[in-house]
Amino acid sequence: MKRLLVLALAATALFAQAQTSFPGTKPITFVVPFAAGGPTDRVARDLAEAMRKSMGNGANFVVENVNGAGGTIGAAKVSKAAPDGHTLLLHHIGMAAAPGLYRKLSYKPLEDFEYLGMINEVPMTIIGKPQLAANTYRDLENYIKANSGKLNIAHAGLGSASHLCGLMWQSSINAKEAMTTIPFGGTAPAMNALVGGQVDMMCDQTTNTVGQIEAGRVKAYAVTTAKPLSSNKLLKDYPTLQEMGLKGFDLTIWHGLYAPKGTPPAVLAQINTAMKAALKDPEFIKKQEGLGAVVVTDKRVEPAAHKTFVTNEINKLKPVIDAAGKYAD
Ligand code: ASP
């Protein structure tokens, strides 16, 4: 009888623990501050699948796209969400560009979030609509000069990676006035417009462009990294912007994961452990590498290293944005 009572008490305790332990039955939502089907969304869906496996426990993940204003609407939403580990932000370089671009930002990137770790680094590509009358990067620069004022360049909103890349590229080739910028809620809809020939050009992450280049739906001209992407079977054939004479041009995008400020340390630690394991999942790595992205190693999947990195990026990007002289508000 006594033994039965002990067993019953132990079962109740286990049940109570299961009830309170994270994540429980409630899903973990990755808020992606850009449109579905785009580069950041793709990283989020692949990471969610890898973390579902690494977290075990029947954990389930959902992705919510809260796009607009270069990622600042989604980031603001997570900064105000309940700090219980169930709402996380998966964001990219826009986390560091926003304080330079938006003078009235409703959240503080370095104060309103818990940093969970970096995810990957992603190069970018200069691409054009299939009908664009330029086949090489050299042709493209000549074409832009000859058609100054008549062209447009798409991006995923003020403060997005494509916006930043476009700004840097236009100022490097002295073509600030040559093109009109057209904002979208992400580069997924921007890509549809490019493939359909409604916009002329875009600078977008390889995770979104590789498939389109391979299928011949867009023209590719150059990659934005300092070094050629020699290990990628498709991208190795495109020159870097530095090789094309744009001295010092070196742009790589990165993604990281964040929780609202005040999320309990034990929950953060659990997410971080699952994240580290997910980033070593061979299937996740293979998908990312096939799209030209590089998954970071453990030492960058650390809250302190992640926060230091973002701080440095904020300090690096502000002067670039000031030099371009274009603000979002
Ligand atoms: N990351 C954005 C997206 O997923 C694109 C960008 O920032 O350029 O659509």
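Throughout this document, residue positions are counted from 1 along each chain, in the order its sequence is written. This being a predicted model, a pLDDT of at least 70 is required before a residue's local features are given, and a value of 80 or more before pairs of side-chain atoms are given or counted; all residues contribute to the totals for chains, interfaces and linings. Only hydrogens and water are removed before side-chain values are computed, so all heavy atoms of the structure are retained for them.

## A word on the packing of helix H4 (residues 94-101) against helix H11 (residues 303-324)
- Axis definition: a line fit to C-alpha positions, over the contact stretch in the case of helices; interaxial angles, taken between N-to-C directions, run 0 to 180 degrees. Secondary structure elements follow DSSP: runs of H or I of four or more residues count as helices, runs of E of two or more count as strands, with numbering from the N terminus. Between H4 and H11, whose axes approach to 8 Å, the crossing angle comes to 45°. Judged on the interaxial angle alone, H11 and H4 are oblique. Viewed along their axes, H4 and H11 form a crossing whose handedness is right-handed. Contacts from Met95, Ala96, Ala97, Pro99, Gly100 and Leu101 in H4 reach Val310, Glu313, Ile314, Leu317, Lys318 and Ile321 in H11.
- Among the residues making up the contact of H4 with H11, the classes are represented as 9 nonpolar, 1 polar and 2 charged. When an angle is under 35 degrees it counts as roughly parallel; over 145 it counts as roughly antiparallel; between 65 and 115 it counts as roughly perpendicular; any other value is oblique. Helix crossings are classified by the rotation of the near helix relative to the far one: an anticlockwise turn of less than a right angle makes the crossing left-handed, while a clockwise turn makes it right-handed. Contact criterion: two residues are considered in contact whenever any of their non-hydrogen atoms come within 4.5 Å of each other. Any residue that is not Ala, Val, Leu, Ile, Met, Phe, Trp, Tyr, Cys, Pro, Asp, Glu, Lys or Arg is counted as polar, Gly included; the first ten are nonpolar and the last four charged.

## A short note on the pairing of strand E2 (residues 61-65)
- Pairing between strands requires that DSSP locate at least two bridges from one strand to the other. In the sheet, strand E1 (residues 28-32) pairs with E2 via 5 bridges, with the strands oriented parallel. Bridging across to E2, Thr29 finds its partner in Val62.
- With its strands directed away from the observer, a crossover is right-handed exactly when the path from the first strand over the helix to the second travels clockwise. The handedness of the E1 to E2 crossover, carried by helix H2 (residues 39-55), is right-handed.

## With respect to the packing of aromatic side chains
- Between 30 and 60 degrees the pair is tilted, below 30 it is stacked and above 60 it is edge-to-face, where a pair is any two Phe, Tyr or Trp rings, Trp via its six-membered ring, whose centres lie within 6.5 Å. Under the counting rule described, the total for this entry stands at 6 aromatic pairs.
- Taken together, a centroid distance of 5.9 Å and an interplanar angle of 85° make the contact between Tyr107 and Phe113 edge-to-face. Each member of the pair, Tyr107 together with Phe113, is buried.
- With a centroid separation of 6.0 Å and an interplanar angle of 70°, the aromatic rings of Phe113 and Tyr258 are classed as edge-to-face. A residue pair is termed long-range when its members are at least 10 positions apart, and Phe113 in strand E4 (residues 113-128) and Tyr258 in strand E9 (residues 252-260) qualify at 145 residues.
- Partly exposed residues are those whose accessible area sits between 20% and 50% of the maximum for their type, while under 20% is buried and over 50% is exposed, using a 1.4 Å probe and protein chains only. A residue is classified by how much of its surface remains accessible, and Phe113, at 1% relative accessible area, is buried.
- Among the aromatic side chains, those forming a connected cluster through ring pairs are Tyr107, Phe113, Tyr115 and Tyr258.

## Points about the site of the ligand
- What surrounds the ligand is the set Phe34, Gly38, Pro39, Thr40, His92, Ala156, Ser160, Ala161, Ser162, Gly186, Thr187 and Gln205.
- Within the backbone of Ala161, a nitrogen or oxygen atom sits 2.9 Å from an oxygen atom of the ligand.
- The contact in question runs from a nitrogen atom of the ligand to an N or O atom on the side chain of Gln205, over 3.2 Å.
- Using the Shrake-Rupley algorithm and a 1.4 Å probe, accessible areas are obtained, with residue cover drawn only from the displayed protein chains. Here the ligand, which alone exposes 270 Å², has 100% of that area covered by the protein.
- A class-by-class count of the residues in the shell around the ligand yields 4 nonpolar, 8 polar and no charged. Nearness here has a simple test: a residue counts as near a molecule or strand if at least one of its heavy atoms is within 4 Å of that partner. Pairs of N or O atoms within 3.5 Å make up the polar contacts considered here, provided that, within protein, one atom can donate a hydrogen while the other can accept it, and that residues adjacent in sequence are counted only when both atoms are side-chain atoms.

## A closer look at H4
- Across the 8 residues of H4, 7 count as buried, placing the element largely inside the fold.
- If you follow the buried residues of H4, they end up packed against helix H3 (72-79), strand E3 (87-92), E4, helix H6 (161-172), E9 and H11.

## Some points on helix H5 (residues 137-146)
- Considered for burial, the residues of H5 that qualify are Tyr137, Leu140, Glu141 and Ile144. Buried residues along H5 cover an arc of 95° about the axis, so they all sit on one side. For H5, the exposed residues lying more than 90 degrees away from the buried face are Asn142, Lys145 and Ala146.
- Next to the buried residues of H5 lie E4, strand E5 (151-155), H6, strand E6 (179-183), strand E7 (201-205) and strand E8 (219-223). Working definition: the arc comes from the directions between the helix axis and the C-beta atoms, pointing outward to the latter.

## Observations regarding the pattern of salt bridges
- For this document, the term salt bridge refers to a Lys or Arg side-chain nitrogen within 4 Å of an Asp or Glu carboxyl oxygen. Applying the stated criterion to the full structure yields 16 salt bridges.
- Between Arg45 and Asp41 there is a salt bridge, with the nearest N and O atoms lying 2.9 Å from each other. Taken together, the positions of Arg45 and Asp41, both in helix H2 and 4 residues apart, correspond to about one turn of that helix.
- For Arg45, a relative accessible area of 39% gives the class partly exposed.
- Given the relative accessible area of 4%, Asp41 is considered buried.
- A salt bridge links Lys129 to Asp200, with the shortest nitrogen-to-oxygen separation between them at 2.9 Å. Pair noted here: Lys129 is in the loop between E4 and H5 and Asp200 is in the loop between helix H7 (187-195) and E7, with a separation of 71 residues, a long-range link.
- Residue Lys129 is classed as buried on the basis of its relative accessible area, which comes to 17%.

Interpretation note: all reported values are geometric properties and have no functional meaning in isolation.
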